[in-house]
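Structural features, examined
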Amino acid sequence: MFAAIALLLGITAHAASAASISGTITDEAGQPLAGVWVTAMTRTAASHPRRTVVSDAAGHYAITGLSGPGPYFVRARVYGYLDKELARVAPGASADFAYGAADKLDAKRTAAQLPANYWFSLLDTPSPAQVEQAGYQDQRQWMGQLKLICTLCHQLGNDITRRPKSRDEWDATLMLSGNMNAFADSLNRDVLLDVLTAWSDKIAGGALPAAPAPTPTGADADYQMSEWDVGMPLSYQHDFAAAYVWNPLIGAAAPAGAAGKWVYTGDIGWGTIYGVNIDTGATRMWEIPFAPAERWGFHSLAAYAWKSHPHTIEVDRDGRLVILADISDDDPAIVYTSGNRDIVVFDPRTGAWDPIMTQCDTHTLRLDLNGRYWLSGNLNMLCMYDPATGEERQIEIPLKFEGFGGFLYGVDVAPDGTVWFSEPFANYFGRYDPATDTVTQWEVPAPGYGPRRLRTDSKGNVWLPLVSGHLGKFDPATESFSFWETPGPKRATPPSGDDYHYNLFVDRTGNAGKKDTIYISGTNSDSIIAFDPETESFVSFRNPTRGFFTREAEAFDGAIWTVYSNDPAKHVEASPESAVPIPKLVRIDRLGG
C-alpha cells in the first residue's frame, strides 16, 4: 500500500548504503533537477537530528553519516515547486523524487519561498525630506538604524513581518514590546509608519521581489548541514560555545558521566544552558543557579522568565564555559533601568558554577592568549577581568553616540594582543592597545554602515559585519578600508544590500577549511556566507528552513557552527515533523574544501 502511494507521489524507495539515504530527483520533463535541498529527520534522539544536502547537476543526492536507527522523514525542497515528503525511510534505503507539472508553483507562490531579504528589498528608502523630518543625516544613516533596530531580534521580510498591515495595525505591532516601541520613536514614528505602510501596500497590491530565486549551484551547493533541536518552543538561544577560539582542537568539556563531543547554547529567555552530544544527539539542560529578583531592563517577549539572561558563552583553554549572565541584585544597573550581567564560569565535568562580580554591564566576551576576559556592553567602557589574579580594569572610551543603544557591542582580541570593539549605533569601531594604554576610534565610511560583532584575522586585519549588507575590512597598518557587497538583492539608494550581518567569524587556524576564511551571518537571508580574502569570492550556505536568524559562529571539529537565535522562536518555520518551531544547533561541513 505504502509503495503504491509513494509511486503516485513521484517517490521511489530502494536500497542504498547503510547509515545513508540517497537518490535522484527529476523535474516535470524527467530531466535531472539540481539545487534541491533534501533533508532527513529523525525523532529517535532527544534532539531530533536532521541532515541536509543539495542535489547536484545530475539530480543526485546522498545524505551520509546518519546517526541513530531511524526511521527518517525525508523532505525535498526547491524553489518553484511544492515540497515532496516521504515518511519512515530507514538508513540504507534510497528515495527518488520525481516532480510533475502539478508540483510547479506560480510566481507568487515561488516568491513566498524566498528568504526575508528578497521581500525586504520591496521596502522603499524614505525620501531625503522624510529623513530630514526624522532628524537623521542622510538616507544611509536612517536605513542603517532601521536595520540595526528592526532586525535586532528577528528577520524583516519574513512570513510574519511582511504580512500586509494598515498604519494602525503597524502602530499596534510596534507597541507589542516596550523596546520595539522605544526604538520606533527613535526613528521618528510617523516616518517609520509611512515607510512600513507603503511597504505593506505594495505587497498587498501584488508586488513580488524582482531578484531571481537563489537556487544553490556549484560551490553554493557543496555542503552538508546537520541540525539538532535545543530548548523548547519559547526558547531564545542567543549564543553558543563549541571550542577554545585560539585552538579549536580544544572543545568544550563533556558533562559528568558523559563522553563524546558536546556543544553548548545559552537560552537567554529562561536562564538555562543546553548541551548537545553531536555524536549521539543526546541533550542535557542546566539552570544557572543565580536568579536575581529584579527583572532585566531589556526584554521583549513577556512570556520569558528572564532569570539570569545569559548572553555570550566562550570556551576557555580548560574546556569550561565562561558565560555572561545577570547573577546578582547587588550589582547596580548601568545601561538599562534594571539588571546587569556579570560572569559565571561553569565546568560541565563537575557541575560547579563560579560567579564573578564586575563593574561592567557585559554583552560580548572574548578571551586573550593570557586567559583574560575582555568585555563589551557599557556606553563608554571596555572592561578586562583576569581570572588568574582577580584584577579588573575599566578602559574609558570616548562616547560617539548619545542615546539608548549606543553601547559597545562586538569585541575581539587580535593575535598581537590589541583589543578591538564596535559601536554599531554610532557607526564606529575602535582599538585599545594594552601595551600603550591608548584608544583609537574610526568611523565606518560609506558605503558601509553599522558594525556589530567584528573579528580579526591571523595577520591582524579587522573584519566588519555591516548591517548595510557589506563585508568590510580594515587594515590597521595603513588605516585603509575595503568593502564588498554580499550576495542577494541590492538597492541603489543608499548603495547597499538587503541582507543584515549580525556577526562574522574568522577561521584563523583553518579548522573548517582554508585559513582566514571569513564566515558571515546572513541573518536576513537564511544563510552563512563564506568569503575567501585571496580570491575575493563568496559562497552562500543557505538553510532551507525559513527564518534562520543567527548571531554567532565558530569553527570546531572541521566544520562551522551556529544556532538559531530568533526572538521569539515563532519567527522560524516549523519543521515538518514538529507542530511548533524549536531553535536548532547547526553544523555546516564544506564538502568541496
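First, a word on scope: everything that follows refers to the structure included in this document. (Residues numbered from 1 in each chain as written. Predicted model: local features only at pLDDT ≥ 70, side-chain atom pairs only at ≥ 80, totals over all residues. Heavy atoms only, no water.)

Time to look at the sheet that holds strand β12 (residues 272-277). Taking strand neighbours across the sheet as the criterion, the four strands line up as β10-β11-β12-β13 in an open arrangement whose pairing is antiparallel. The open sheet has two free edges, formed respectively by β10 (237-241) and β13 (283-287), since each of these has just one partner strand. Each strand of the sheet is rotated relative to its neighbour by a mean of 25°, with strand direction disregarded. Pairing between β12 and β13: five bridges, direction antiparallel. Within β13, the position partnered with Ile-273 by the bridge is Trp-286. (Pairing = 2+ DSSP bridges. Helix = DSSP H or I, 4+ residues; strand = E, 2+ residues; numbered from the N terminus. Axes fitted to C-alpha atoms, helices over the stretch in contact; angles between N-to-C directions.)

We now examine the sheet that holds strand β23 (residues 419-423). Strand order across the open sheet formed by four strands is β22-β23-β24-β25, with antiparallel pairing between neighbours. Strands at the two margins of the open sheet, each flanked by one partner only, are β22 (411-413) and β25 (438-443). Geometrically, the sheet is characterised by an average inter-axis angle of 20° between neighbouring strands, direction not taken into account. Pairing between β23 and strand β24 (residues 428-433): five bridges, direction antiparallel. Of the residues in β24, the one forming a bridge with Ser-422 is Phe-429.

Once that is clear, we can look at the pattern of salt bridges. With the rule as written, the count across this model stands at 32 salt bridges. Put simply, Asp-103 and Lys-84 hold a salt bridge, and the shortest N to O gap is 3.3 Å. Placement of the pair is Asp-103 in the loop between β8 (93-98) and α2 (107-111) and Lys-84 in strand β7 (residues 84-89), with a sequence separation of 19 residues. On the basis of relative accessible area, Asp-103 is assigned to the buried category, the value being 14%. Its relative accessible area of 8% is what places Lys-84 among the buried residues. (Salt bridge = Lys/Arg side-chain N within 4 Å of Asp/Glu carboxyl O. Buried < 20%, exposed > 50% of the residue type's maximum accessible area, 1.4 Å probe, protein only.)

We now examine the side chain of Arg-542. With respect to the helices and strands, Arg-542 occurs in strand β35 (residues 537-542). With no salt bridge to any partner, buried Arg-542 finds its closest opposite charge in Asp-526, at an N-O distance of 5.6 Å. In this structure the side chain of Arg-542 is engaged in a polar contact, spanning 3.0 Å, whose partner is the backbone oxygen of Ser-525. Among all residues touching Arg-542, those that are not within four sequence positions of it are Trp-37, Tyr-79, Pro-115, Pro-214, Tyr-223, Met-225, Ser-525, Asp-526 and Ser-527. (Lys, Arg positive; Asp, Glu negative; His and termini not counted. Polar contact = N/O pair within 3.5 Å; in protein donor to acceptor, adjacent residues only side chain to side chain. Contact = heavy atoms within 4.5 Å.)

So, about unusual backbone geometry. Glycine aside, residues mostly have negative phi, and peptide bonds are mostly found in the trans state. Between Ala-446 and Pro-447 the backbone carries a cis peptide bond, its omega angle lying at 10°. Residue position: Pro-447 is located in the loop between β25 and β26 (455-456). Of note, the amide linkage connecting Asp-567 to Pro-568 takes the cis form, showing an omega dihedral of 0°. Within the element layout of this structure, Pro-568 appears in the loop between β37 (559-563) and β38 (584-590). Even without a glycine there, the phi angle at Arg-88 is positive, about 55°. Looking at the element boundaries, Arg-88 is found in strand β7. According to the relative accessible area criterion, Arg-88 is exposed, its value standing at 68%. Even without a glycine there, the phi angle at Asp-526 is positive, about 60°. Within the fold, Asp-526 resides in the loop between β33 (517-522) and β34 (527-532).

Direction vectors running N to C along helix α6 (residues 167-174) and helix α8 (residues 189-204) enclose 120°, while the axes themselves pass 9 Å from each other. With respect to α8, the element α6 is oriented oblique. For the pair α6 and α8, the crossing hand works out as right-handed. Contacts between α6 and α8 pair Arg-167, Trp-170, Asp-171 and Leu-174 from the former with Arg-189, Asp-190, Leu-192, Leu-193, Asp-194, Leu-196, Thr-197, Trp-199 and Ser-200 from the latter. Classifying every residue of the contact of α6 with α8 gives six nonpolar, two polar and five charged. (Parallel < 35°, antiparallel > 145°, perpendicular 65-115°, else oblique. Left-handed = near helix turned anticlockwise from the far one by under 90°. Nonpolar A, V, L, I, M, F, W, Y, C, P; charged D, E, K, R; others polar.)

What follows is about the nonpolar core. Counting 73 residues, the largest nonpolar core has Leu-123, Trp-142, Leu-146, Leu-192, Trp-199, Trp-374 and Leu-382 as its most contacted members. No other element matches α8, which puts seven residues into this core. Not counting chain neighbours up to four residues away, the residues in contact with Leu-192 comprise Trp-142, Leu-146, Leu-174, Ala-184 and Leu-187. (Core = buried A, V, L, I, M, F, W, Y, C linked by side-chain atoms within 4.5 Å.)

Attention now moves to α6. Within α6 the residues assigned to the buried category are Trp-170, Asp-171 and Leu-174. Buried positions in α6, seen along its axis, are confined to an arc of 100° and lie on one side of it. Looking at the buried positions of α6, the neighbouring elements they touch are α7 (178-186) and α8. (Arc of directions from axis to C-beta.)

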